[in-house]
Amino acid sequence: MQKDAIEILKKLISTPSLSKEESKTADHLQTFLESKNIKTNRWLNNIWATNKWFDPGKPTVLLNSHHDTVKPNAGYTMDPFSAMEKDGKIWGLGSNDAGGCVVSLLAAFLFFYEHEGLGYNLVVAITAEEEISGSNGIQSLLANKEFMDIVCTGGDDPFKHLVALVGEPTKMEMAVAEKGLLVLDCTAEGKAGHAARNEGENSIYTAMEDIDRLRKFQFTKISDLLGPVKLSVTVIETENKEHNVVPPVCRFVLDIRVNELYTFEEIQETISSHIKSNIRPRSTRLRSSMIPLDHPLVRAGLALNIKYYGSPTTSDKALMRFPALKMGPGDSARSHTADEFILVEEINSGIELYIQLLKSLL
């Protein structure tokens, strides 16, 4: 299993698969599974398959990770697509985020594929566009009729009997919760004027006053798992490029990481009441999520002495309307960095721990 995992990982790394451009890695994944005599299904650039003895009367565990990557970091000192193995590491773009998770989940799926009498079904789905939270990844698969007809058999609630194990680099610890992501486009308005005269209303000053209020503001509800809500101004700009014009409009972007104690609507209402700028949410899809600590999947992990925590980063877990546990080999701190790598030992231990976890559950 480990040898196959390393081989397919190197193939994935050596094949560029930026978000929305994942067709070739989707081909590799499909070819790999079919070489194991497993019938695959494809929707856009999402590849999925069910275990051999899939039974619609049983609950289902969805094994999900993503095969798209961000663009290579400008600081790379080597070919990001080299897939070089050296010093016990596999180097290259997407090796850590999330190639190691992809191949480890595939290995665990293959281990159980022909087992009869499992208490749960297994479905593996390696999906696209996670890095941009795109609509053609896991979200589109969970709306696909073929996938829904086969996998989601919960009657009035199609996801009633579904739980997911989401592969992201967590050092194989259980991320039982993750913060939501709310991005607000903020617009401060003023009045144009000549900079040499005392006229106009400078929108930059209004934006600066708002930013200063936001820098000092704190939401009072602090989560035991996810901590406080975090506000960060990440962009500020004006269309004005002339030194002698007082700009009438200044825009800034607010990145808000929301714990499970607030709704996005509450966050927006509070922000709006504290600043002069107008706000507009880009999206409200990536809400905070949490799987109960007494869920059978989490209990199986606790029985194996796996630690749990709340994650500050978002993933496709946020798009799942059913319990989902984020867990995988690798380290989130390496994601999107130059000269990305994953340890071979991390993949080996990831496969083993996935199998132990699923054995305990299945």
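Everything numeric in this text was worked out from a predicted model, so none of it was measured. (Residues numbered from 1 in each chain as written. Predicted model: local features only at pLDDT ≥ 70, side-chain atom pairs only at ≥ 80, totals over all residues. Heavy atoms only, no water.)

(A) View of the overall build of the protein chain. For the protein chain, the count of helices and strands is nine helices and 18 strands. Taking the principal axes of its C-alpha atoms as reference, the protein chain extends roughly 80 × 45 × 40 Å. (Helix = DSSP H or I, 4+ residues; strand = E, 2+ residues; numbered from the N terminus.)

(B) Just the pattern of salt bridges, in detail. The full count for this structure, using the stated rule, is 19 salt bridges. Linking D4 and K36 is a salt bridge whose minimum nitrogen-to-oxygen distance equals 2.6 Å. Taken together, the positions of D4 in helix α1 (residues 2-13) and K36 in the loop between α2 (23-35) and β1 (41-43) put the pair 32 residues apart, joining distant regions of the chain. The partly exposed category is assigned to K36, whose relative accessible area is 32%. (Salt bridge = Lys/Arg side-chain N within 4 Å of Asp/Glu carboxyl O. Buried < 20%, exposed > 50% of the residue type's maximum accessible area, 1.4 Å probe, protein only.)

(C) Quick peek at the layout of surface pockets. Reported here for the largest pocket is a volume of approximately 510 Å³. If you go around the largest pocket, you meet 21 residues; those closest to its centre are E130, E131, T313, T314 and H336. When grouped by side-chain class, the residues that make up the lining of the largest pocket number five nonpolar, nine polar and seven charged. (1 Å grid on protein atoms, 1.4 Å probe; cavity = no way out; pocket = protein on both sides within 12 Å on 5 of 7 lines; lining within 4 Å. Points joined across faces, edges and corners; volume = space filled by probe spheres on them. Nonpolar A, V, L, I, M, F, W, Y, C, P; charged D, E, K, R; others polar.)

(D) Layout of the sheet that holds strand β11 (residues 230-237). Taken in spatial order, the four strands of this open sheet run β11-β13-β9-β14, and their pairing is antiparallel. Bordering the open sheet on either side are β11 and β14 (278-281), each of which pairs with just one other strand. The sheet shows a mean angle of 25° between the axes of neighbouring strands, taken without regard to direction. Direction of pairing for strand β9 (residues 180-189) relative to β14: antiparallel, over a ladder of four bridges. If you follow L184 over to β14, its bridge partner there is P281. Packing of helix α6 (residues 203-216) onto the sheet brings it into contact with β9, β11 and β13 (249-258), and relative to β13 it is tilted by some 15°. Packing of helix α7 (residues 264-274) onto the sheet brings it into contact with β9, β11, β13 and β14, and relative to β9 it is tilted by some 25°. (Pairing = 2+ DSSP bridges. Axes fitted to C-alpha atoms, helices over the stretch in contact; angles between N-to-C directions. Contact = heavy atoms within 4.5 Å.)

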